[in-house]
Every structure is written in structure tokens, then in C-alpha cells.
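Single-letter residue listing:
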Amino acid sequence: MKNKKEYHIVRIADIFAPLLTEKKRIKFYYGGRAGGKSYAFADSLLLKGRQQKLLIACLREIQESIKDSVYKLLCDRISLYELNDYKIFENRIENYITGTKFIFKGIRDQDVQHIKSLEGVDIAWIEEAQTISKKSWEILEPTIRKDGSEIWISMNREQENDPIWIAVAAHPDERTLIRKVNYNNNPFCPEEIKIQAEKCRKISPDDYEHIWLGEPIRQGNTKLISSELVRKAFANTILSSHSPLVIGLDVARFGDDSTVFCFRRGRWCSKFEVYNKLDNVEVANIATNYIQDNQPHRLFMDIGGQGAGVYDILKDRGFNEIIRGVYFGEKAINENRYFNRRAEMWDNVQFWLSSSPQVQLPQDERLFDELTGINKRYDRRGRLQLEEKDEVKKRLGRSPDKADALALTFAEPIYDMREPQIYRKGQITVEEIFNIQQNRGNNSW
Ligand SMILES: Nc1ncnc2c1ncn2[C@@H]1O[C@H](COP(=O)(O)OP(=O)(O)O)[C@@H](O)[C@H]1O
Ligand SMILES: [Mg+2]
């Protein structure tokens, strides 16, 4: 009886055999629903754990409770096959003969200390890896560092540019094994599932491709800003402009976001200045220095979160004429076209990038990821809407702070080209007057 069941557990579909037979740093299985990935990974790990002592970490991006994990699946398989050498605890599973231990963790919730505890792991299984952020992967990969350790990844692709897909599968090396598996490759696929898949194929071929065949959701026109536009702006060299200076300020909202200042004169975005972990007064002081040293015509800032406090300080310091507060969520200037102010500002960035003559951005890969990483959609009134910030954060592993700061420089059009009063109040020197007149003579105003 027992033998028969053990026979079952090694009857893993051929496509999953490499999990047990090959030595690879990364084993990456992807595809649509019901390809048998979870079962095959669970069975293979249970089998391996009976052969030798292993520390096996079952990981996902977020694990609020053990119920989110593959713990239950492993327990079910253990009881189905009557693997009595496995002992099930509240939040771990151990094999009392070999000493193998299964642990279950969410990567994003881990502090450095806990991540360190993963250093002895022999096999890390990342389930639902399409939700893993870039940041999580960058922390995890070097942490799984034991000699001969392996990372097993199972996922159903979500977007063209899922971070783990880009990092692992887009350009695989010889230490990486990649297999695609769908329900029609799963010899154990229940009839009911096949019926559901077939139904979906008839009703919605696009959904079928994504859900059942494991294709990423078609990007097509869903990206707001294309990679080519940003690359073109990186390649340009303008280096000066007579247009008024506008500063966009995105104030950090939470501990891990950055406060970013973006400097733009017309077609030329010259620089981004990034700060971390500042309080409101410190941000206001830096803004004050920038205003005094660079004399912007406008400084637009997000006052939805922390920014409100900074805005009040700057107003109190007499910069009324220069600073403007913007709520990303407030209604757009062109309310018929845009869902909110943020969508409107971002679309202005898109227009600016497509404009001719061409514009310039400082070459910056972080900015690139942020600008090209945001998807658009349309609300019921047909107005342009950006995807939720949480979704963007999930993919980037952070907020698009730089891109938001750039977008803020487009909060309102600057029609008034005259120099703001505050820069002139009795402080102007004779040389400056002379310069201004010279400039006028040159027609540069
Ligand atoms: N080794 C197996 N033995 C029995 N049934 C299996 C096995 N592998 C997969 N199945 C069946 O196929 C279904 C889909 O497998 P699953 O591992 O959940 O797929 P995926 O993780 O790829 O979505 C399971 O619900 C189960 O009914
Ligand atoms: Mg699964």
C-alpha cells in the first residue's frame, strides 16, 4: 500500500523531471493556470527532503499569514502519501529522519536580520513569482548563497516586464533552466479544469492566452510613455535654455521613498536632486536654497502627503509667488480629458517627450524604469487614467519619485515670462540691470 503511494509521488510529469535530476542554480517554470507547477514543486521538494537534510525556504512577495503560503499544499501532499517521517508544526515542516526543514516567508516583510537567516538555505522556492518586486529579487538572489544552493521559481507571467522575468528569464545563462508548462502539458489536469479553459478560449481569446497559456497581458498600447521616446531624450544634448526655470518637488511619503527635485527649463531637463530621510524643515531649507540660488519662476510640489507641511513653511517664508501646491488626486485642469491631475501631468510629459524640436533628459536608468513603467487606462467617461500607484510600486519596488517630480514641472503652463517680483525687490545690482538690458538688446527675452 505504502509502496504504491510512493510510486505516485515520483510520478512527476516528464517536464518537471529536471527539478530532481539536474543541477542548476535557477529552475524557472512558467505558464498558465493548472500546468501542475505547484504540485510538482511540492512533490519534488518533499521527495528531496526525504533523501538528504535540506533547509527549504518557501517564499513569496507578501505572506501575511501561513495560509498564503504553500504550507497547506505540502501538508495535503504529506497526508495523501502518508509520509509519516514529516512532522507538521504550526509554521514549519520537518523531517525527523533526515532533518530537512521547510520554512515559509514573505520577502517584502523581512528585515535584514531575517533575510540573513536565509543564508543557509539549500533550495528556495519562490511561488507566484510574477508578484516579486525588483527590490525583493535583488535582496534575495545574493542571500541564497550556500554552495550548491538552488532557486526554484514558479510563475504565471503578468506583464511583459515582470521584474523576475527580466532578471532571470529574458536573457538566461547556462546556470538557468527554463521551462514553459501549461494545462495541456499536465497529464494530471482534471477534466473540469480543461472544460473551464475551453470555455474561456471561446469567450475571450485574450484572457485565454494570458490565464491558460501563460502569455503576459498584451502591452500594446497600455504603456503611457514608450522606451524609444525616453532613449531619444537621453541622447540629446541641449545644455542651455533661455526658458524660465521650473522646479518639480516630490516629497517622500513613507520611509523608503525619496524626496526629489527636478529642474527643467523648456525643452531642457537638466538635473534631478534626490534626498532621503529628511524632515519637513530640512526639505523646506533645501527648497529655499534652490529658490535663492537658481531663481525658478515656479516650484510645483505635491501636497497630497508630507508635502503639505513643506508647502506651509515655504509659504510662511514669503515664497507665495513661486510655489504652487498640487494634489495628484485632484481634478484635472482639463477635466473632460483626464481622470485626475496626475494623469494630466504625466500626459504632458508624454507630449513634451514627443515634441519637436526634441527635448533632453539626464541619462538615468532609474528615471527610465519609472517613466516607461507606468500603464494607462481609461475610465468610464473615456478619460485618461494612470494605473494605481500601488501597482507601479509593486513592479518597481519603489515609488516613481523622479518621474513624478518631472511630471510636477508640467503642473501648469508658464505663460508669464517676466521675472518674479521677489527676485527684484530692491536687491538688484547695477550690474544685473546692465545685464538685463544687454539681454533685451540681444532679443533673448
Ligand atoms: N502530481 C500530480 N498528481 C495529481 N494531480 C496533479 C498533479 N499535478 C497537478 N495535478 C492536478 O493539476 C491541477 C493543477 O496543478 P497546479 O500544480 O495547481 O498547477 P499550477 O501551479 O501550474 O497552476 C491540480 O489542482 C491537480 O488537480
Ligand atoms: Mg500554482
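Below is a summary of the structure that appears in this document. Throughout this document, residue positions are counted from 1 along each chain, in the order its sequence is written. Naming scheme: in the order in which they are written, chains are lettered from A and ligands are numbered from 1. Predicted model: local features are reported for residues with pLDDT of at least 70 only, side-chain atom pairs are reported and counted for 80 or more only, and whole-chain, interface and lining totals are derived from all residues.

Take the site of ligand 1 next. The local shell around ligand 1 holds 13 residues, among which Gly35, Lys37, Ser38, Tyr39 and Phe188 are the closest. Residue classes follow a fixed rule: Ala, Val, Leu, Ile, Met, Phe, Trp, Tyr, Cys and Pro count as nonpolar, while Asp, Glu, Lys and Arg count as charged, and any other residue, Gly among them, counts as polar. Each residue belonging to the shell around ligand 1 can be placed in one class, and the counts come to six nonpolar, four polar and three charged. Nearness between a residue and a molecule or strand is assessed with a C-beta atom placed from the backbone; a distance within 6 Å qualifies.

Before going further, it helps to spend a moment on the sheet that holds strand β12 (residues 298-302). Paired strands are those between which DSSP finds at least two bridges. Secondary structure counts use DSSP, requiring at least four H or I residues in a row for a helix and at least two E residues in a row for a strand, with both numbered from the N terminus. Strand order in the open sheet formed by five strands is β11-β10-β9-β12-β13, with mixed pairing between adjacent strands. The open sheet has two edge strands, β11 (268-275) and β13 (323-326), and neither has a second partner. Strand-to-strand twist of the sheet, defined as the mean angle between neighbouring strand axes without regard to direction, takes the value 20 degrees. By the bridge criterion, four bridges tie strand β9 (residues 245-250) to β12 in an arrangement that is parallel. If you follow Ile247 over to β12, its bridge partner there is Leu299. For helices, the fitted line uses only the C-alpha atoms of the stretch in contact; every axis is such a line through C-alpha atoms, and the angle between N-to-C directions lies from 0 to 180 degrees.

To assign burial, the other C-beta atoms lying within 10 Å of each residue's own C-beta are counted, with C-beta atoms placed from the backbone; 20 or more indicates buried, 12 or fewer indicates exposed, and intermediate counts indicate partly exposed. The buried fraction of helix α16 (residues 401-408) is high, at eight of eight residues. Those residues of α16 that sit buried are Asp401, Lys402, Ala403, Asp404, Ala405, Leu406, Ala407 and Leu408.

For the rest of this paragraph, the subject is the packing of helix α3 (residues 37-51) against helix α4 (residues 71-80). In contact at an axis separation of 10 Å, α3 and α4 are set at 60 degrees when each is read in the N-to-C sense. Pair α3 / α4 crosses with right-handed handedness. Between α3 and α4, the contacting residues are Ser38, Ala42, Asp43 and Leu46 on the first element and Leu73, Leu74, Arg77 and Ile78 on the second. Looking at the contact of α3 with α4 residue by residue, the classes come out as five nonpolar, one polar and two charged. Each crossing gets its handedness from the near helix: less than a right angle anticlockwise from the far helix is left-handed, clockwise is right-handed. Contacts are defined on C-beta atoms placed from the backbone: any two residues whose C-beta positions lie within 7 Å are in contact.

Here strand β7 (residues 150-155) lies mainly inside the structure; six of its six residues are buried. What you see with β7 is no split at all: Glu150, Trp152 and Ser154 on one side and Ile151, Ile153 and Met155 on the other are buried throughout. Relative to β7, strand β1 (residues 26-30) is paired through five bridges, and the arrangement is parallel. When the sheet's bridge partners are listed, Phe28 is paired in β7 with Ile153. Pairing between strand β6 (residues 123-126) and β7: four bridges, direction parallel. Looking across to β7, one finds that Ile126 is bridged to Ile153.

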